[in-house]
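Here is how the chains run, residue by residue.
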Amino acid sequence: MNRNRRISFMIALGLLITILIGINAWHTTDRLIELNNWVVHTHRVLNKTQRLLALLTNMDNDLRSYLLSENLYFKADFERTSREMSQQLKSLRTLSVDNPVQFKRLQLLDTLFQVKLDRSRTLFQDNGIEPGKARLDSIERFLSISSNFYQVLKATESYENVLLEAREAQNKRSVSYATISNLIGAIAALLMILWAIYVLYRSLRKSNQLNQKLTESDQQAKKLLEAVPVPIVIVDREGKFYYANQAAYHLFDNLLVFDQYNRTVNTDYLFRFPDGVPYPPEERPTYRALQGETVQVDDLELRVNGKVIHLLSSATPVYDAQGQLQYVITSSIDLSDRVQSQTRLQEAKKIAEKAAKIKEDFLANMSHEIRTPLNAMLGFSELMETTTLDKEQREYIGLIRTAGKNLLTIVNDILDISKLEAGMIKLESIPFSIQMLTASLRAMCQAAVADKGLQLTVKIASDLPDLFLGDPTRLTQILLNLLNNAIKFTKQGSVSLFVEKGEPSTAERVMVRFIIEDTGIGIAEDVLPAIFERFQQADDFTTRYYGGTGLGLNIVKALTELQGGSVQVSSTVGQGSRFIVAIPYPIAQQPNTFNQPILSTMAPIEGDVWVLVVEDNLMNQKLAVQVLKRLGYHVQVADNGQKALAMLAEAAFDVILMDLQMPVMDGYETTRQIRSTLKSTVPIIAMTAHALPSEQEECLKAGMNDFLPKPFQLEELQLLMRKYVSANRLVRPTSLQVQITPLSTQFSIDPLLNAVGNNMELATELIDIYLNETPQGMDALQLAISQQNVEEIKRLIHTQQVHTKMLGMHEATRLILETEALIREKKAFSDIQPLVEQYIREVKAVLPQLSQYVQSSVDGEA
């Protein structure tokens, strides 16, 4: 195209742009009219909804007025309003017929309106009010329908308001678009005309320089391609090699003479990775690019001079101004090192998976090996505590159990890590009191604090609710871990726990912040980022001097995040550390009635229950036999699976307690034989020191019914046994339910019933004793307050602590724990006295409830 024709074309293009601007303006105006119509439509719908809200209020007021006065004027006004409301609903449905969301809401409104009319007809009838109900109480259902109608109508209105905002915004955008597009179009047309004049002027000056620059450009492009380290080959549309840079010659090791593409592609240099078969010519990148396709493949393997090179090859077609294919540019990248890295990565992955399996097996075996003797130690010590012991023997037994529980804590830390990895930690959602929980923490930590001469401070913000819904066990685990760490790493000074409300908090959910501060050794700044990682401690000296596994903070972080919270730490070496745990908890509703069902879950057994214990460890055999006999069961023992099968073939058993690791035949195979060969459905409970999630899953897969990890508590075994003992063997007394209106506090009979084996008669007798003795104890406590005798106060509340715990008097127990902590810290009497007086008030408030409970129990039995 010559210069003059180009200029004419530009001028014509400018005129065309002007015409297009006019067309665009016409369409934009059309669009504005349509948008304005929609805005008007939306305003009409909103007016209708406002009118419906007013009519809804009039209907409710007319019905109330009629029920109060029985004036027929209100009834007539109600009917007139309902007719108008029906017409408005019909009109609103017509306006929203093209909007499925709104139309569905309006259908719901119509349904609610009809239900409301039906209900109103009943209320207008002479006998429409239920006997014994106040007139206004009879319209509760009518008003609840109105509430639902109101909510749906407000949702309709909100939806239309959103539409209105969107349509008004769209209208504004359309106006802006019309203005800007017209302005831009006009400027563009003017620029095109000016550009045509400018091009004419420039063309006269530069026509002689163009050819020279084209030649220089071609040479410069070739120099640039030579400098590129990536092999580049250019093929023309006839398949002839137009150009290849030095990197391409080097890649092919100077073996190829770049000639006809068709002759080169048939050579035996290219193979498919990883199959090693010759790469089909029609699938190679250059061939496909000659067909007009842009291609990239990463499975090319070049074999030259004994070398194997893995290539990432790309081919792109290049077209001229008329859209005709001119060239194909092919570039290749050597991926050999990357492929080797991926191969090594795959090998490393296999090694890591093998290591993970070894770790899981190690944890399982370690759990078994540690828990087996630990089970015997804790179990026999628990049995010995039930025998007659002198003071020294009872002290030794206590030390044995303490050491066993400490060892169990270490094992549990390791197993918690495994459970967290497997996603097997299940969180509870039960009501709990922050005040009670922190009081228990204070009591648990007080001995360690006193031994080191530290000061322990626990403060709870007054604006925190009394009860939350959550998992108090996991929260205790988190806070106790942090407090124990703070005490361990603090030689002098203080350890503090502050509980406060954080943000964001709402009326239903509160972000609770737990702040643990100490004046200990602190943590270096460069170590802080890794302090929550597994097996990490501040330094080697910390590990040697203070001990520990380095798992505690990792578990704290994992458990906190599992509950939707976060944990932060700040510290200064030599000055102390500050941990902040923030967890959102829903607020639990305060109970307004005491509804305590009494049902003996451990009722006497009718007939004989035979239990087969399959266990190879002698100590565990003896422990299981003694515990089960104590619970009233008949027991036989098999020390391996093969003997168990023989015994099952000769006699029937009601329950089987099955160990997993045994000689001759293990628990898994024994269970499979019982289910498949003997065709028996006898309940099988896995009772093993293995406590990993994978072990539990394997037990269920093998056909076992349940899982009881060692060491177990007596109550845990009893509850699990009762679950599988046939229901017809239990004599279940009639369920008695007592409803008592509480005073200022609550109690629970559950702890006492658990302690006496659900013997209701004995529990009632113990409550009677408590009711007889407690008033004298309260008088003695009041006397001690008047005499400011702190030692007597300490003695009296300590003896009463067991009673409050057994009767589930949580607030009274909390006050005792707080008082004991203040006495141990040698606080002033003015600090101790208010807590003791509050404790007396709590106990006196619960005594009438206990008395009423006992009387209700006696009446229920009668």
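Conventions adopted
- Residues numbered from 1 in each chain as written.
- Predicted model: local features only at pLDDT ≥ 70, side-chain atom pairs only at ≥ 80, totals over all residues.
- Heavy atoms only, no water.
- Helix = DSSP H or I, 4+ residues; strand = E, 2+ residues; numbered from the N terminus.
- Buried < 20%, exposed > 50% of the residue type's maximum accessible area, 1.4 Å probe, protein only.
- Contact = heavy atoms within 4.5 Å.
- Areas by Shrake-Rupley, 256 points an atom, 1.4 Å probe, with all protein chains shown as cover.
- Pairing = 2+ DSSP bridges.
- Axes fitted to C-alpha atoms, helices over the stretch in contact; angles between N-to-C directions.
- Parallel < 35°, antiparallel > 145°, perpendicular 65-115°, else oblique.
- Left-handed = near helix turned anticlockwise from the far one by under 90°.
- Nonpolar A, V, L, I, M, F, W, Y, C, P; charged D, E, K, R; others polar.
- Phe/Tyr/Trp six-rings, centres within 6.5 Å; stacked < 30°, edge-to-face > 60°.
- pLDDT = per-residue confidence, 0-100.
- Core = buried A, V, L, I, M, F, W, Y, C linked by side-chain atoms within 4.5 Å.
- Polar contact = N/O pair within 3.5 Å; in protein donor to acceptor, adjacent residues only side chain to side chain.
- Patch = residues over 30% accessible without salt bridge, like charges linked within 9 Å, V, L, I, M, F, W, Y side chains within 5 Å.
- Salt bridge = Lys/Arg side-chain N within 4 Å of Asp/Glu carboxyl O.
- Expected span 1.5 Å × (residues − 1).
- Arc of directions from axis to C-beta.

Some remarks on the overall build of the chain
Counting secondary structure elements, the chain contains 23 helices and 20 strands. Per-residue burial over the chain gives 43% buried out of 862 residues. Considering only residue pairs separated by 6 or more positions, the chain has 68% of its internal contacts joining residues 24 or more positions apart. Accessible surface, the chain as shown: approximately 47,100 Å² in total, 54% of it carbon and sulfur.

Quick look at the sheet that holds strand β6 (residues 325–334)
The strand order across the open sheet formed by 6 strands is β2-β1-β6-β5-β4-β3, and the pairing between neighbours is antiparallel. The open sheet terminates on both sides in strands that have one partner only, identified here as β2 (241–244) and β3 (270–272). When strand polarity is set aside, the average angle formed by the axes of neighbouring strands in this sheet is 35 degrees. Bridge analysis of strand β1 (residues 232–236) against β6 gives 5 bridges, and the strand direction is antiparallel. Along β6, the bridge assignment pairs Val235 with Val328.

Some points on the packing of helix α10 (residues 434–452) against helix α11 (residues 472–488)
For the pair α10 and α11, the least separation of the axes is 10 Å and the interaxial angle reads 25 degrees. Considered as vectors, α10 and α11 are oriented roughly parallel to each other. In this structure, the crossing between α10 and α11 has a hand that is right-handed. For the pair α10 and α11, contact is made by Ile434, Leu437, Leu441, Met444, Cys445, Ala448, Val449 and Lys452 and by Pro472, Leu475, Thr476, Leu479, Leu480, Leu483, Asn484, Ile487 and Lys488, respectively. Looking at the contact of α10 with α11 residue by residue, the classes come out as 13 nonpolar, 2 polar and 2 charged.

Description of the packing of aromatic side chains
Counted under the stated rule, the structure contains 5 aromatic pairs. Measuring from ring centre to ring centre gives 5.5 Å for Tyr73 and Phe74, while their planes differ by 70 degrees; the resulting arrangement is edge-to-face. Here Phe74 falls in the partly exposed class, since its relative accessible area comes to 23%. Between the aromatic rings of Phe532 and Phe579, the centroid separation amounts to 6.2 Å while the plane-to-plane angle is 90 degrees, which identifies the pairing as edge-to-face. In this pair, Phe532 sits in the loop between β11 (509–518) and α12 (540–546) while Phe579 sits in strand β13 (residues 576–586), placing the two residues 47 residues apart along the sequence.

Considering unusual backbone geometry
Following Glu503, the chain continues into Pro504 via a peptide bond in cis, with omega recorded as 0 degrees. Note that Pro504 resides in the loop between β10 (494–502) and β11. In this structure, Val664 is a non-glycine residue whose phi angle is positive, near 70 degrees. Mapped onto the secondary structure, Val664 falls in the loop between β17 (655–658) and α16 (667–676). Here Val664 falls in the exposed class, since its relative accessible area comes to 63%. Look at Lys679: it is not a glycine, yet its phi comes out positive at around 55 degrees. Assignment of secondary structure puts Lys679 in the loop between α16 and β18 (684–688). We classify Lys679 as exposed; its relative accessible area is 64%.

Focus: the confidence of the model for the chain
Summing up the model confidence of the chain, the mean pLDDT is 76 and the portion of residues at 70 or higher is 78%. A low-confidence stretch, residues 727–745 (pLDDT under 50), is modelled with 54 contacts involving residues beyond four sequence positions or located in other chains.

Let's talk about the sheet that holds strand β8 (residues 455–460)
The sheet built from 5 strands is open, its strands ordered β8-β10-β11-β13-β12 with mixed pairing. A single partner strand is all that each edge strand has here, and the edge strands are β8 and β12 (566–572). Strand-to-strand, the axes of this sheet are offset by a mean angle of 15 degrees, without reference to chain direction. Note that β11 and β13 share 9 bridges and pair antiparallel. Of the residues in β13, the one forming a bridge with Val512 is Ile583. Taken strand by strand, α10 contacts β8, β10 and β11, and its axis lies near 175 degrees from that of β8. Across the face of the sheet, α11 comes into contact with β10, β11 and β13 while running at roughly 20 degrees to β11.

As for the nonpolar core
Counting residues in hydrophobic clusters, the biggest one holds 39 residues, and the most contacted among them are Phe468, Leu475, Leu482, Leu497, Phe514, Ile516 and Tyr585. Elements with a minimum of two residues in this core: α10, β8, α11, β10, β11, α13 (552–562) and β13. Top contributing element to this core by residue count: α11, with 7 residues. Listed in part, the 34 residues of the second largest apolar core include Leu781, Ile793, Leu822 and Ile840.

Section: the environment of Val637
With respect to the helices and strands, the residue Val637 is situated in strand β16 (residues 634–638). Judged by its relative accessible area of 31%, Val637 falls in the partly exposed class. Spatially, the C-alpha atom of Val637 lies 9.6 Å from that of Leu657, the residues being 20 residues apart in sequence.

Description of the environment of Arg64
Inspection of the secondary structure puts Arg64 in helix α1 (residues 3–69). Separated by 10 residues in the primary sequence, Arg64 and Phe74 place their C-alpha atoms 8.9 Å from one another. Only 3.1 Å separates the side chain of Arg64 from the side chain of Asn61, close enough to count as a polar contact.

Comments concerning a nonpolar patch on the surface
A surface patch of nonpolar side chains, about 830 Å² in accessible area, is lined by Ile11, Leu15, Leu183, Ile187, Leu190, Leu191, Ile193, Leu194 and Ile197. Secondary-structure elements contributing two or more residues to the nonpolar patch are α1 and α4 (140–227). Topologically, Ile197 is positioned in helix α4.

A look at helix α2 (residues 72–95)
The end-to-end C-alpha distance of α2, which contains 24 residues, comes to 35 Å, matching closely the 34 Å that a straight helix rising 1.5 Å per residue would cover. Among the residues making up α2, those that are buried are Asp77, Phe78, Thr81, Ser82, Met85, Gln88, Leu89, Leu92 and Leu95. You can read the cap of α2 off the contacts: a side-chain oxygen lies 2.9 Å from the backbone nitrogen of Tyr73, and it is on Asn71.

Re the packing of helix α15 (residues 641–650) against α16
At a minimum axis distance of 9 Å, the contact between α15 and α16 shows a crossing angle of 25 degrees. Of the possible angle classes, the one that applies to α15 and α16 is roughly parallel. When the axes of α15 and α16 are compared, the crossing they make is right-handed. Touching Gly641, Ala644, Leu645 and Leu648 of α15 are Thr670, Gln673 and Ile674, all from α16. In terms of residue class, the contact of α15 with α16 is built from 4 nonpolar, 3 polar and no charged.

Some points on α16
Gly667, Tyr668, Thr670, Thr671 and Ile674 are the residues of α16 that are buried. Looking down the long axis of α16, one finds its buried residues gathered within 165 degrees of arc, a one-sided arrangement. A distance of 3.3 Å separates the backbone nitrogen of Tyr668 from a side-chain oxygen at the start of α16, and that oxygen is part of Asp666.

Some points on the pairing of β12
The side chains of a regular strand alternate, residue by residue, between the two faces of the sheet. With 7 bridges joining them, β12 and β13 adopt antiparallel strand pairing. Its bridge partner being in β13, Ser570 is matched across the sheet by Arg578. Hairpin connection between β12 and β13: a loop of 3 residues separates the two successive antiparallel strands, and Gly574 in this loop has a positive phi of roughly 85 degrees.

Regarding the pattern of salt bridges
Inspection of the entire model under this criterion finds 12 salt bridges. Here Lys557 makes a salt bridge to Glu561, at a shortest N to O gap of 2.7 Å. Taken together, the residues Lys557 and Glu561, both in helix α13 and 4 residues apart, mark about one turn of the helix. The partly exposed category is assigned to Lys557, whose relative accessible area is 29%. Residue Glu561 is classed as partly exposed on the basis of its relative accessible area, which comes to 44%. Note that Arg814 is salt-bridged to Glu811, the shortest N-O span being 2.7 Å. Taken together, the residues Arg814 and Glu811, both in helix α22 (residues 810–824) and 3 residues apart, mark about one turn of the helix.

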